[in-house]
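# Summary of structural features
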Amino acid sequence: MFQKLCEVVNRVEKDTVLVIDDTIIEKSGKNTEGADWFYDHTKGKNVYGIQAVTTVASGSKGIYPLLWQQYIRKGKAENFKSKIDMQKEAIEKCIESGLNFSVVAMDSWYFENKLVKFIESKGKYWVAECKSNRLVLYNDKWIHIGDLIKSTKVSEMATYKIDGKTYLVKQYYLDMKGIGKVNIVVSLGINCSKILVTNNLAWLPKKVIEMYLRRWDIEVNHREMKGNGLKRAWLRVRCGITSYMMLNALVQTLLEISTIISLSNTHFEFRSVTPEVRYRWVAIEVIMNLIKGIKNLGVEMLDKIVNAIANPYKSTLVMKMYKIAKL
């Protein structure tokens, strides 16, 4: 099933960025298997719910949620797997299924030595945000990368414009402790600074930033998935929760692909609107086509549709015969 899903994605995307992350689906029931108190960085506090380890393909045309897995803390599961191990298995599964992707994007939490080495062993590039306490070899000394930022002068930085936003950046090629030679891009802003790191030494700063910005697609997917059923799912058993999350991801991916193929309005292309807006537009097109059908075939068709909704089992054969007769 998963291999077929990847094949369908490959039909519309020549290459994707695989984004890995996790999110919390808040719950109120105390008897849900695996539910616990987790720290939600978006709220800055602990919340009670289910933590989902997520793997999403970000393409040039759409966002494809591939894997949503429930994470259960150590001591509460017979076969415990860390979130890092779960993402390794997810990446391996995507590779074995033939998914077209060349880069893995992640936030600073997933920027872990063993994980990036694993990604490199599979012949893939990675790009990640980096914490300021990482050690780099600069002028023959191991220093915190945060100290490197402090010594960076604005006059030495270049200006890039990406998606209407201006970035002030400085690029370094340094050895990072436990990883090796990396491409580092320091971006300074009014309110914050970002440190981006990648193993692709050929990328210019603009490319590094563009690839990392694709990570935002998984945040969009989190919002869309929670709003389309996951938050209202009151399953208690882990196998049921996992099955429901996977089925939800499958449906969202297939719906995303169907909108890309069928949309007649080209201004609803990727990155101009969220998937939810495109889904609504598909619903509008369905209604418009229904109205046109009623206009062409008359009130009799409307009566058949009403009967089909009111008596789905009895009217199915009648509708089929009606369609055949009209042809």
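Residues numbered from 1 in each chain as written. Predicted model: local features only at pLDDT ≥ 70, side-chain atom pairs only at ≥ 80, totals over all residues. Heavy atoms only, no water.

## Considerations on helix 5 (residues 205–213)
One turn of the α-helix equals 3.6 residues, which is why residues spaced by three or four share an orientation. Looking at helix 5, one finds that the buried residues are Pro-205, Val-208, Ile-209, Met-211 and Tyr-212. Within helix 5, the buried residues cover an arc of 165° as seen down the axis, which keeps them to one side. (Buried < 20%, exposed > 50% of the residue type's maximum accessible area, 1.4 Å probe, protein only. Helix = DSSP H or I, 4+ residues; strand = E, 2+ residues; numbered from the N terminus. Arc of directions from axis to C-beta.)

## Things to note about the confidence of the model for the protein
In this model, the protein carries an average pLDDT of 81, and 81% of its residues clear a pLDDT of 70 or more. Counting contacts from residues 315–322, a segment whose pLDDT is below 50, to residues more than four positions away or on other chains yields 10 contacts. (pLDDT = per-residue confidence, 0-100. Contact = heavy atoms within 4.5 Å.)

## Quick notes on the packing of helix 2 (residues 83–96) against helix 3 (residues 113–121)
Helix-helix packing: each pair is described by the crossing angle between the helix axes and the interaxial distance. With their axes 10 Å apart at the nearest point, helix 2 and helix 3 run at an angle of 10° to one another. Taken together, the axes of helix 2 and helix 3 are roughly parallel relative to one another. Judged by residue contacts, Ile-84, Lys-88, Ile-91 and Glu-92 of helix 2 engage Lys-114, Leu-115, Phe-118 and Ile-119 from helix 3. (Axes fitted to C-alpha atoms, helices over the stretch in contact; angles between N-to-C directions. Parallel < 35°, antiparallel > 145°, perpendicular 65-115°, else oblique.)

## Observations concerning the nonpolar core
Counting 50 residues, the largest nonpolar core has Leu-66, Met-106, Met-176 and Ile-184 as the members making the most contacts within it. Those residues in contact with Ile-184 that sit more than four places away from it in its chain are Val-136, Ile-145, Lys-170, Gln-171, Tyr-172, Leu-174, Met-176, Ile-195, Leu-196 and Val-197. Ile-162, Val-185, Ile-209 and Val-220 belong to the second-largest nonpolar core, a separate cluster that totals 19 residues. (Core = buried A, V, L, I, M, F, W, Y, C linked by side-chain atoms within 4.5 Å.)

## Examining the side chain of Thr-198
Mapped onto the elements of the fold, Thr-198 is located in strand 12 (residues 193–198). On the basis of relative accessible area, Thr-198 is assigned to the buried category, the value being 0%. Reaching out from Thr-198, the side chain makes a polar contact with the backbone oxygen of Trp-126 at a distance of 2.6 Å. Among the polar contacts made by the side chain of Thr-198, one reaches the main-chain amide nitrogen of Asn-200 at a distance of 3.1 Å. What Thr-198 contacts, discounting residues up to four positions off in sequence, is Trp-126, Val-127, Val-182, Asn-183, Trp-203 and Val-208. (Polar contact = N/O pair within 3.5 Å; in protein donor to acceptor, adjacent residues only side chain to side chain.)

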